[in-house]
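# Coordinate analysis (summary)
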Amino acid sequence: MCRRRRKKGDPEEPADHALGRSRGGFSTKLHILCDGEGHPLHFHLTPGQTHESTVLDQVLIGVDANLCDGEGQPIAWPAALGGDKGYRADWIDEYLLDLDISPVIPSKANEDRDARPVEFDRDAYRERNIVERLIGWLKESRRIFSRFEKTAKNFGGFIKMAFIQQYLRYDVQYTF
């Protein structure tokens, strides 16, 4: 009699558990999108070696799916999207412009700034520190910055719990 083992695991769990090697060693990248006030809207986990720009569309689709009213209409949609030079590519500019989002991404040092379809808005780019502060706040949570969980699904659950904790703080601040 041949007995086959039932394969363990969740079908939603990535095979690599969002763990990968990068310059810093074994790591996970957390791609976050937040609003202008620093409220987290959506995140996506990838292995450490994954380039930032490869998951931009997944993050935007995730926000679009999560921020809809009962009729499926988007509640809010970004007018501009800021990112560092890692997000600088012609296809990203075109993708964002097709979605009626103004890209606020600086040009790389070796490219012609005048050839871009949009002009770089330096004042709007200074607002990018909002997402940096959100990441800094997440790093204060020991469970998040050191990633004790093996599975990406559990790790993502702890990130969501941290987001809920942050939203509850906002609620308490505004009710008094």
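Below is a summary of the structure that appears in this document. (Residues numbered from 1 in each chain as written. Predicted model: local features only at pLDDT ≥ 70, side-chain atom pairs only at ≥ 80, totals over all residues. Heavy atoms only, no water.)

Another point: the overall build of the protein. Per the secondary structure count, the protein includes six helices and five strands. Its helices and strands taken in sequence order, the protein reads β-β-β-α-β-α-β-α-α-α-α from the N to the C terminus. Looking at the protein residue by residue over its 176 residues, the buried ones come to 32%. Accessible area of the protein: about 12300 Å², with a carbon and sulfur share of 51%. (Helix = DSSP H or I, 4+ residues; strand = E, 2+ residues; numbered from the N terminus. Buried < 20%, exposed > 50% of the residue type's maximum accessible area, 1.4 Å probe, protein only. Areas by Shrake-Rupley, 256 points an atom, 1.4 Å probe, with all protein chains shown as cover.)

So, on to the pairing of strand 3 (residues 40–47). The side chains of a regular strand alternate between the sheet's two faces. Counted residue by residue, strand 3 has six buried out of eight residues, so it is predominantly covered. With seven bridges connecting them, strand 2 (residues 25–34) and strand 3 associate as antiparallel partners. Along strand 3, the bridge assignment pairs L33 with H42. Where strand 2 hands over to strand 3, the hairpin turn is made up of five residues, of which G38 adopts a positive phi near 90°. (Pairing = 2+ DSSP bridges.)

Let us look at the nonpolar core. Membership of the largest hydrophobic core comes to 16 residues, with the highest contact counts inside it found for I32, F43, L45, W137, L138, I159 and F163. Among the secondary structure elements, those contributing two or more residues to this core are strand 2, strand 3, helix 4 (129–139) and helix 6 (152–175). Beyond its immediate sequence surroundings of up to four residues, I32 is in contact with H42, F43, V131, L134, I135, L138 and F163. (Core = buried A, V, L, I, M, F, W, Y, C linked by side-chain atoms within 4.5 Å. Contact = heavy atoms within 4.5 Å.)

On to the side chain of R116, then. Secondary-structure assignment places R116 in the loop between strand 5 (102–104) and helix 3 (122–125). From its side chain, R116 meets the backbone oxygen of I105 in a polar contact 2.6 Å long. Setting aside residues no more than four positions away along its own chain, R116 makes contact with R88, D93, I105, P106 and S107. (Polar contact = N/O pair within 3.5 Å; in protein donor to acceptor, adjacent residues only side chain to side chain.)

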